[in-house]
Amino acid sequence: ALSINSRSSVLFCYLGMAQHALRRNADALTLLQHAIDLDKRNPLAKYEKASVLLSEERLEEALDELERLKEVAPREASVFF
């Protein structure tokens, strides 16, 4: 799929989610950050990045990412706090 559309933020986001499921958090963060770089308004990539950071107990960074997500998608129920 990446060979067809190597600029797809969604594809990189899902690859990052798969890496997180495999507990490859460094790879997951790299892929999720690439997804965000491709589309700064991708709420799923931001949410998943915060989730990976939270799983690593990087609480301040996770909260910062959720704050950025709240700016992009203020009505998203999963980030309403």
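Residues numbered from 1 in each chain as written. Predicted model: local features only at pLDDT ≥ 70, side-chain atom pairs only at ≥ 80, totals over all residues. Heavy atoms only, no water.

Here the focus is the nonpolar core. Counting residues in hydrophobic clusters, the biggest one holds 12 residues: F12, C13, A28, L29, L31, L32, A35, I36, A45, V52, L53 and A62. Counting only elements with at least two residues in this core, the list comes to helix 1 (9-21), helix 2 (25-38) and helix 3 (43-55). The dominant element in this core, judged by the number of residues it contributes, is helix 2, at 6 residues. (Core = buried A, V, L, I, M, F, W, Y, C linked by side-chain atoms within 4.5 Å. Buried < 20%, exposed > 50% of the residue type's maximum accessible area, 1.4 Å probe, protein only. Helix = DSSP H or I, 4+ residues; strand = E, 2+ residues; numbered from the N terminus.)

On to unusual backbone geometry, then. In the Ramachandran plot, R23 falls in the positive-phi region, its phi being about 65° despite a non-glycine side chain. Among the secondary structure elements, R23 is positioned in the loop between helix 1 and helix 2. According to the relative accessible area criterion, R23 is exposed, its value standing at 76%. The phi angle at E57 is positive, at roughly 60°, despite the residue not being glycine. Looking at where E57 falls in the secondary structure, it is placed in the loop between helix 3 and helix 4 (59-72). For E57, a relative accessible area of 67% corresponds to the exposed category.

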